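Structure at a glance
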Amino acid sequence: MFNEYIKGDSIIHRIDPRVKIIYTLVFSIVIALQNELIPVLTGLAISIILVAIAGIEIKEVIQRLRVVDEFILLLWLILPFTYPGEPIIEVWNFSVSKEGIMLTTLMTIKANAIMLILTGLLATSSIFELVHGLLHLKIPEKLVFMFFLIYRYIWVLYDEYEKIMRAVKARGFRLHNTLHTYRTIAYIVGGLLVKSYNRADNLYRAMVCRGFNGKFWLLEHFKFSTIDLMAIIMLTTGNIVIIIL
Amino acid sequence: MTGNYLIKLEEITFGYNGKPLLFDSLNFFLSENARVGIIGPNGSGKTTLFNIIMGFVRPVKGTIEIAGELMKNEKDFQKARHLIGYLFQNSDDQLFCPSVKEEIAFGPLNYRLPKEEIEKRVKEVLELTGLKGFEDRAPYELSEGEKKRVAFAAILAMKPKILLLDEPTNGIDSEGVMSIEKILRTGGYTYVIISQDTEFLKKTTNKIYTIEKGRLKEFNFH
């Protein structure tokens, strides 16, 4: 499990979250729509540079990339063998197509570039800054509030799941293909649902107790600075380069 | 009973769906500067009593008055909650901000206080609760005792008139307990504490109740 917010004091950390949110969205769309290797590699290079400027530790970056690449690995096991095209290698009577390899390579680079931009830009703002940024960008409050709670509590629920799993394992539970296993898993899932409902209920009460009325307020407010202007110019130039290439 | 009470519960009757009544014509009167403790077995309704005061659950029968105002609807409770600081039994349910500073500032920010005032309050309560230096720490990474102190600091920053403390010493070491005792003794608060820690209650309260047969009864240690 990794921490959602990466602390630091780099120029990237100081960019207005609104600029970061918009750029991340535009960059992701631009990269996702590319079908050529050069622009996608350029996008990857831009995202690597941003992560480097943000001064994020390699270990942290690898942990985040692993989440995407574990899924991408599955694509490598399927796509090259199933995508129609000119066969280049044969593995156990299955032919690997050139187009399949090209497509999977593109998808791998795209996914990593987008994950890196998320790490470099969004993970360098705290959740409250992002929430506040989204509200400033006129995203509906209910939607933002839901996003905030999911983001904050998904890890808490994961911890709860791990605790329950440790508790059942301590009492000799092992995963087998038996009715007992399925029943136990159902109990665990049911327990987690009840716990998450109770926790959500209690959290709402706790917020209401402290005067929460659906609006999030920040202690430190955004000020559009020269850094933001420079960031907009450089990031937009980056996007234009990707599109032109 | 007559007099001016900060909290006045009269003839409260309440039971959860399909279960026996928890409260049966329960009365509770809390006057200004009162220091009250509530003890009792699990499931006797101690936390539910706090939830009724806060308006989170509504009684079947009975009236609730807070600071002289009769609570009739959610709007009345919303106003009354400004006067009350409620410390939850489980701090994990109460803390959600990315830093201790933001956690403490959350309540005052919701009340739209000026930034300088919020900064002042944050500084004050951090010192009071012994959390100076914890400003930028993530609340969910702290120990149980530290979390409890952050939750306590967060409600103190709202400068409430009444404190409702549900098991405030749970998970706290003796130093933390002493710090809470000191705040309660010197802060001039009106408060109600739910606790199983009888030593703590003896030191911090002047009246202790227990819930028996759906009603509050004065409890005597001897």
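Residues numbered from 1 in each chain as written. Chains lettered and ligands numbered in written order. Predicted model: local features only at pLDDT ≥ 70, side-chain atom pairs only at ≥ 80, totals over all residues.

**Remarks on the overall build of chain B**
Summing up its helical and strand segments, chain B has seven helices and ten strands in all. If you line up chain B on its principal axes, its C-alpha atoms span 45 × 40 × 35 Å. The buried share of chain B, taken over its 222 residues, is 45%. Here the contacts in chain B between residues at least 6 apart in sequence split such that 66% fall between residues at least 24 apart. (Helix = DSSP H or I, 4+ residues; strand = E, 2+ residues; numbered from the N terminus. Buried ≥ 20, exposed ≤ 12 C-beta atoms within 10 Å, placed from the backbone. Contact = placed C-beta atoms within 7 Å.)

**Observations concerning the overall build of chain A**
Tallying secondary structure elements over chain A gives nine helices and two strands in all. When its helices and strands are written in sequence order, chain A yields α-α-α-α-β-β-α-α-α-α-α. Judged by the C-alpha coordinates and their principal axes, chain A covers about 60 × 60 × 30 Å. Here the analysis covers contacts within chain A between residues at least 6 apart in sequence; of these, 78% occur between residues at least 24 apart.

**As for the nonpolar core**
One finds Tyr86, Ala153 and Leu164 of chain B to be the most contacted residues of the largest nonpolar core, which totals 98 residues. Among the domains, domain 1 (11–125 + 221–244) and domain 2 (139–209) of chain A are the pair contributing at least three residues each to this core. Contacts of Leu164 of chain B, omitting those with residues within four sequence positions, involve Phe50, Ile53, Ile84, Tyr86, Leu87 and Val192 of chain B. (Core = buried A, V, L, I, M, F, W, Y, C linked by C-beta atoms within 7 Å. Domains from an automatic or database assignment.)

**Focus: the interface of chain B and chain A**
If you look at the interface, chain B gives 21 residues, while chain A gives 18 residues. Here the side of chain B that touches chain A gets six residues from one element, more than from any other, and that element is helix H3 (residues 100–110) of chain B. Residues belonging to the side of chain B that touches chain A are distributed by class as follows: 14 nonpolar, four polar and three charged. (Nonpolar A, V, L, I, M, F, W, Y, C, P; charged D, E, K, R; others polar.)

**Some remarks on the pairing of strand S1 (residues 87–91) of chain A**
Counting buried positions along S1 of chain A gives zero out of five residues, so the element sits mostly on the surface. Taken together, S1 of chain A and the strand that follows it, strand S2 (residues 94–97) of chain A, pair antiparallel across an intervening segment of two residues, in which Trp92 of chain A is found at a positive phi of about 45 degrees. (Pairing = 2+ DSSP bridges.)

**A closer look at the sheet that holds strand S3 (residues 35–39) of chain B**
All names here are of chain B. Ordered by their spatial adjacency, six strands build an open sheet running S6-S7-S8-S3-S9-S10, and the pairing between neighbours is mixed. Strands with a single pairing partner mark the edges of an open sheet, and in this sheet they are strand S6 (84–87) and strand S10 (215–218). Across the sheet, the axes of successive neighbouring strands diverge by a mean angle of 20 degrees, strand direction being ignored. Alignment of strand S7 (residues 162–166) against strand S8 (residues 190–194), held across five bridges, turns out to be parallel. (Axes fitted to C-alpha atoms, helices over the stretch in contact; angles between N-to-C directions.)

**Describing the environment of Thr119 of chain A**
All names here are of chain A. Note on placement: Thr119 falls in helix H5 (residues 98–122). Assessed through the 22 C-beta atoms surrounding it within 10 Å, Thr119 is described here as buried. When the C-alpha atoms of Thr119 and Arg64 are compared, they prove to be 7.6 Å apart, with 55 residues separating the residues in sequence. In this view, Thr119 contacts Val51, Ile56, Val61 and Arg64; residues no more than four positions away in its chain are not counted.

**With respect to H5 of chain A**
Residues and elements named next belong to chain A. The terminal C-alpha atoms of H5, which comprises 25 residues, lie 35 Å apart, in line with the 36 Å expected from a rise of 1.5 Å per residue. When H5 is considered as a whole, its buried residues turn out to be Gly100, Asn112, Ala113, Ile114, Met115, Leu116, Ile117, Thr119, Gly120, Leu121 and Leu122. Among the structural elements, helix H1 (11–14), helix H2 (17–32), helix H3 (37–54), helix H4 (58–82), S2 and helix H6 (127–136) are those in contact with the buried residues of H5. (Expected span 1.5 Å × (residues − 1).)

**Considerations on the domain arrangement of chain A**
Partitioning chain A into domains gives domain 1 (11–125 + 221–244) and domain 2 (139–209). Taken over C-alpha atoms, the centre of domain 1 of chain A sits 31 Å from the centre of domain 2 of chain A.

**Let's talk about the sheet that holds strand S1 (residues 5–14) of chain B**
Residues and elements named next belong to chain B. Pairing is antiparallel in the open sheet, where four strands are placed in the order S2-S1-S4-S5. If you trace the sheet from one side to the other, it starts and ends with strand S2 (23–31) and strand S5 (69–70), each paired once. Note that S1 and strand S4 (residues 61–66) share five bridges and pair antiparallel. Residue pairing in the sheet places Leu9 in a bridge with Ile64 of S4. Across the sheet, helix H1 (residues 46–54) is in contact with S1 and S4; its angle to S1 comes to roughly 115 degrees.

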